[in-house]
Amino acid sequence: MGRLLPWFAVAYGAGIVLYFTAEREPALWAAGLLTALCALAAVLLRRQIVPYVVALGSFGITLGFAVATTKTALIDHPVLRFATSGVTVAGFVELREESQHTDRFVLRVERMEGGRMDDKPQRVRLSVKRGTAPPAGSFVEVKASLDPPLQPLEPGSYDFARDLFFQGIGASGFVRGAVKIIAAPAPQGLRQRADAFVQRMRDAIDARIRAVLPGDEGAIAAMLINGRRDAIAPNVYDALFISGIGHVLSISGYHMAVVAGLIFFIVRAFFALIPGLADRAPIKKWAALAALFATGFYLVLSGNQVATQRSFIMIGVVLCGVMLDRPTLTMRTLTIAALAVLFFAPESIVHPSFQMSFAATLALIAGYERGAIKLRAAADTSFGARAALWGVNEIIGLTIASLLAGWATTPYAAFHFHRVAPYGVLANLLAMPVVSAWVMPMGILGIVAMPFGLDAEFWRQMGYGIEWMNAVGLWVASLPGAFGRVTLFGNGALLLMTAGLLVIGLLKTPLRWIGFLPAAVAIFWAACRPLPDVLIAADGRGFAVRGADGRLALHHSGGDSFAVREWLAADADGRDVRDKGLGQGIACDQSGCIGKLADGALVAYVLAPDAYEEDCQRAALLVATRGDPPADCRAKVIPRGLWRQRGALALRRQQGADGVDFVIDSARPKNFDRPWSPARARRETPPTPIATEPGAQSTRLGAPRDATPRQEDIEADQ
């Protein structure tokens, strides 16, 4: 019973997961009625232990399901169904974001003209060249090409469309030409004036940091303080993530915890220096209140991003516990934080930042509840020996914390990013103490000293710490086997790993070790997942074939580079998207392309109807992009309607009762119809015929450019 509340949170989360697995949107009244019935059952059975626990678990599941259904109903909005170009969009800029190489802004649409649209979205997210995004609050008019929110790039991969939907965004795209500002922001109300003040403050801090710290150190320092992203040298950027310390670049729970801890310590120490005050006043609560205000200020200063909001809620729960004289880092605190986050943002449960944050915290709390390893000094131990012992204890503590957090987050990093950091513990041991004890404190002191003009030295000191972090990342990334690649595995294996983690973390008895059993089964399940032989993009403009060498040969256009990156990452393939050898094994002409599978069978990608006669006779699989193949076609046909309605496809060749056939897996189930991915027959222009040399990457001519984000534009927390 001591773990009843945490298990209720697990049931609540399971209900949200169940909601996202539905093929069609549930009826709100049905979800509400079932929740009420389960709540009534829990109340009536409260005096019978086993029935009560079952009823309470059922109530948690139905409550999570109902909350997610309600959230979707409250924010429901139109979503663009197919790509369109030449659209004139006018509206107010609600949000401006700076990313690695481009700027983005969210536009609340007031007028939209041109293009072919069944439903006009209320908000669109547009990308522009870095430094050209209009200020928040301004009324602008732009010419843009718009795409529907990005669907999963292959079956089982991440659904970007779902994320954009819950942010209120119905389309994404890029601006053609200049942004025409019709009305500059003129703050009238209190909210508008506050936003304008924060924007000016962020601009001033950004300019000051870059004036003192040029290059990568200045860019990273700006990221840590105000969340703005600037171009970092590609080798440094990649090395930080390969080594396992790239999480520093995204303001999240770690940064919030460091800021809260530093402010709490400084304020409490200051009050403790006042004679007699600590005996008369609750200075601990005052320090917690100051830390809460400081983290709130940091949330606003860093851009108020979604991941940062979740982290603020978690830290807020802990600090409120301090002010209410409750234990801080306990399972109950973690549970309340999880319930609070999932109540306001139930969609967070499928986001990697939520999963990794709570998995790491659960592992740390569970590990230290069992007792931390600590060496103790004898009464007659010398001061030098005590100091050395303190250092050893700190190293042991950091090592255990890194191992626990790394072990807990590895399944989610492997699932979402298809990579693991074998030397992550080493990199974190070398870099994170410097970041926590030097970089972040210098940043806080720099902010405090900035109004007095005394901040320059603090920024320089911050830069020295960042130099050390970069050096650690580059060194660790250069070690043999530093980049651990993992192939894509299914949701079932991840859920089983999560179940094992929950059993190990939440049970108090030795029975908890049984959690390693589902974790081991999940690892075996993930490792045994068969790789696809053929991949077809959701828009039909790209495909990949697995050849005799076991690697994918790809046909793609320049605008499809993000999909290709994801395909390679999900296949644990280390080749770069610019590798000229990616197309070897696929020959193309004006009528289409031909690829060869490992067993010699041919895959035909038809771009002109006149190719059907020949390809139907010699190919084992035929992907139709124009017209319809003849009824007597001997090949297995993938019609246009299949990938238009069901998204990206993955096909495996296997022996069946009637001979060799293809098993098809799709990104969307057959009857899938959800608000972020409505069922439709997409009216896309078929791919334009191409001309390439045999064995080279194909380049599509005259096709409309898509608005798929580039890999370098995906934020670290995404």
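Evaluated as defined, the whole model comprises 2 disulfides. Paired through a disulfide, Cys 588 and Cys 593 show a sulfur-sulfur distance of 2.1 Å. Here the disulfide of Cys 588 and Cys 593 is right-handed, its torsion about the S-S bond being about 110°. A relative accessible area of 7% places Cys 588 in the buried class. For Cys 593, a relative accessible area of 1% puts it in the buried group. The residue that forms a disulfide with Cys 616 is Cys 633, at a sulfur-sulfur distance of 2.1 Å. Between Cys 616 and Cys 633, the disulfide has an S-S torsion of -100° and is therefore left-handed. Here the residue Cys 616 occupies a position in helix 20 (residues 612–618), and Cys 633 occupies one in the loop between strand 14 (621–624) and strand 15 (636–638), the gap between them amounting to 17 residues. What connects to what in the chain, once the bonded cysteines are numbered by sequence position, is 1-2, 3-4.

What follows concerns the pairing of strand 12 (residues 592–596). The buried fraction of strand 12 is high, at 4 of 5 residues. Here 4 bridges tie strand 11 (residues 586–589) to strand 12, and the two strands are oriented antiparallel to one another. Note on strand 12: the bridge partner recorded for Asp 589 is Gly 592. In sequence, strand 11 turns back onto strand 12 through a hairpin of 2 residues. The pairing of strand 12 with strand 13 (residues 602–606) spans 5 bridges and is antiparallel. Following the sheet pairing, Lys 596 is matched in strand 13 by Leu 602. Where strand 12 hands over to strand 13, the hairpin turn is made up of 5 residues, of which Gly 600 adopts a positive phi near 95°.

Reading across from one edge, 11-12-13-14-15 is the order of the 5 strands in this open sheet, with mixed pairing throughout. Each edge of the open sheet carries a strand with a single partner, namely strand 11 and strand 15. On average, adjacent strands in this sheet sit at an angle of 15° to one another, irrespective of strand direction.

Rules used throughout
- Residues numbered from 1 in each chain as written.
- Predicted model: local features only at pLDDT ≥ 70, side-chain atom pairs only at ≥ 80, totals over all residues.
- Heavy atoms only, no water.
- Disulfide = S-S within 2.5 Å.
- Buried < 20%, exposed > 50% of the residue type's maximum accessible area, 1.4 Å probe, protein only.
- Helix = DSSP H or I, 4+ residues; strand = E, 2+ residues; numbered from the N terminus.
- Pairing = 2+ DSSP bridges.
- Axes fitted to C-alpha atoms, helices over the stretch in contact; angles between N-to-C directions.

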